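# Per-entry structural report
Read off the chains here:
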Amino acid sequence: MEERTKKIREIAKRLLSEGRVDVVLGYRAGTVPLKNAPYFARTPEEAENFIWDSHGRINLANFLPQRQDRVAVVAKGCDARNIVNHIVENQIKRDQVYIIGVPCQGMIDPGLVYEREGRLIEEAIEADGRLIVKGQGFETTMERTEVLRQNCRSCAYRNPPLYDELVTDPVPEQEGLDPYEDIKEFLTRPNSERFDYFEKLIEPCIRCYACRDACPLCYCAVCFVDEHMPQWLGKSIDPRDKMTFHILRAFHCAGRCTDCGACEAACPMNIKVRQFTRRLEMDVKELYGYEAGLSPDIQPPLTVYRPDDPQDFIK
Ligand code: SF4
Ligand code: SF4
Ligand code: SF4
């Protein structure tokens, strides 16, 4: 059994049997290979169902806003950053959440695996840094690193920045990466070309809102897209309505997004929605030197007023 699975179960059982928390959030095996499901354990026995591998793409911080119980949550680097966001935004109290930090080596993109394999996969196992997939009459081995999700390849915070307990020693962080290289190149293109790119990108969008629902930042009681009075935008898949949804959602995530990739992983149409949020992430980093979710003691730049702001728009 994966060492981290064993440790997560041990910690969860201990917290539940000592009555330290009411519930532990983690992952259990999904009903199909390569996709784990979130799991809520309320008894030490239920904690036996937890697993850890490279298929936990869902960001568990999404289940925390406005909870009233005491909760422990299994958190990789990006999840922990979103928990920090929730603490900063008063969605959960620090002393109400116990963070079981998991140093992370990246999650696998099932889309990439299926692209390579092109046939029904019935089983997936990991061993020695490799992924072995099996189906009717075949077995293929691939390097884990070749099928990692795009955001995990450029992730600079694989270790949780905030935790109560770590399940293993920290993993080495990926140094010297420029996660915005492609965005910088994109920005050299003319405006019209950029607009055409985004129009084409979201053409297949069916406005199912899976991207929004999977995102820990989207916890508004009523989202602007669901408002009827006033109705901010149409309910159709008209290209302008779609564009408005994506641009407004991206702006709502500005200075808060951790690039966890949960939005993209949830999209049934395989749309690279992080193209919107990463541009704003880059701007916030360049303009304010801020990256979301690294410390509960730092307020995000878009929520604070500083009299020495270098720009004069507010004066
Ligand atoms: S973004 Fe980073 S912390 Fe999150 S799953 Fe990928 S590698 Fe792990
Ligand atoms: S999940 Fe995909 S299809 Fe659904 S609203 Fe988001 S971008 Fe559109
Ligand atoms: S916008 Fe996407 S990448 Fe950013 S925090 Fe939300 S789910 Fe994660």
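Residues numbered from 1 in each chain as written. Chains lettered and ligands numbered in written order. Predicted model: local features only at pLDDT ≥ 70, side-chain atom pairs only at ≥ 80, totals over all residues. Heavy atoms only, no water.

## Let's talk about the sheet that holds strand β8 (residues 165-166)
Sheets are built from strands that pair by backbone hydrogen bonding, the pairs being arranged parallel or antiparallel. Across the sheet, five strands lie side by side as β2-β1-β3-β4-β8; this open sheet has mixed pairing. This sheet does not close on itself; its edge strands, each paired only once, are β2 (37-41) and β8. As judged from the five bridges shared by strand β1 (residues 23-28) and β2, these two strands associate in the antiparallel manner. Of the residues in β2, the one forming a bridge with R28 is A37. Running at roughly 160° to strand β4 (residues 97-101), helix α1 (residues 3-17) makes contact with β1, β2, β3 (71-75), β4 and β8 of the sheet. (Pairing = 2+ DSSP bridges. Helix = DSSP H or I, 4+ residues; strand = E, 2+ residues; numbered from the N terminus. Contact = heavy atoms within 4.5 Å. Axes fitted to C-alpha atoms, helices over the stretch in contact; angles between N-to-C directions.)

## Focus: the nonpolar core
V24, F50, L64, I83, V97 and I100 are the most contacted members of the largest nonpolar core, which has 39 residues in total. Secondary structure elements with two or more residues in this core: α1, β1, β2, β3, α2 (77-88) and β4. In terms of nonpolar packing, the next biggest core, distinct from the first, is built from 21 residues, I202, Y209, C211 and V225 among them. (Core = buried A, V, L, I, M, F, W, Y, C linked by side-chain atoms within 4.5 Å. Buried < 20%, exposed > 50% of the residue type's maximum accessible area, 1.4 Å probe, protein only.)

## Digging into the side chain of H86
For H86, the position within the fold is in helix α2. When its relative accessible area of 1% is taken as the criterion, H86 is described as buried. With residues up to four places along the chain from it excluded, the contact list for H86 reads A61, L64, P65, Q91, I92, P216 and Y219.

## Re the site of ligand 2
Residues in contact with ligand 2 amount to 14 residues; listed here are only the nearest, C205, C208, Y209, C211 and C267. Elements with a minimum of two residues in the shell around ligand 2: α7 (210-214) and α8 (239-253). Here the shell around ligand 2 is built from residues that sort into 12 nonpolar, one polar and one charged. (Near = heavy atom within 4 Å. Nonpolar A, V, L, I, M, F, W, Y, C, P; charged D, E, K, R; others polar.)

## Notes on the packing of α8 against helix α10 (residues 274-288)
Running from N to C, α8 and α10 cross one another at 35°; their axes reach a closest spacing of 9 Å. Here α8 and α10 pass one another in a crossing that is right-handed. Touching M243, H246, I247, A250, F251 and C253 of α8 are F276, T277 and L280, all from α10. (Left-handed = near helix turned anticlockwise from the far one by under 90°.)

## Overview of the site of ligand 3
Around ligand 3, the surrounding shell consists of C215, L217, R249, C253, C257, T258, D259, C260, G261, A262, C263 and T277. Split by residue class, the shell around ligand 3 holds seven nonpolar, three polar and two charged.

## A word on unusual backbone geometry
In this model, M229 is joined to P230 through a cis peptide bond whose omega is -5°. One can find P230 in the loop between α7 and α8. Positive phi, normally seen in glycine, also occurs at D128, with a value near 50°. Tracing the backbone through its elements, the reader meets D128 in the loop between β5 (123-127) and β6 (130-135). The backbone of R207 sits at a positive phi, close to 55°, despite the residue not being glycine. Mapping R207 onto the fold places it in the loop between α6 (191-201) and α7. Judged by relative accessible area, which is 8%, R207 ranks as buried.

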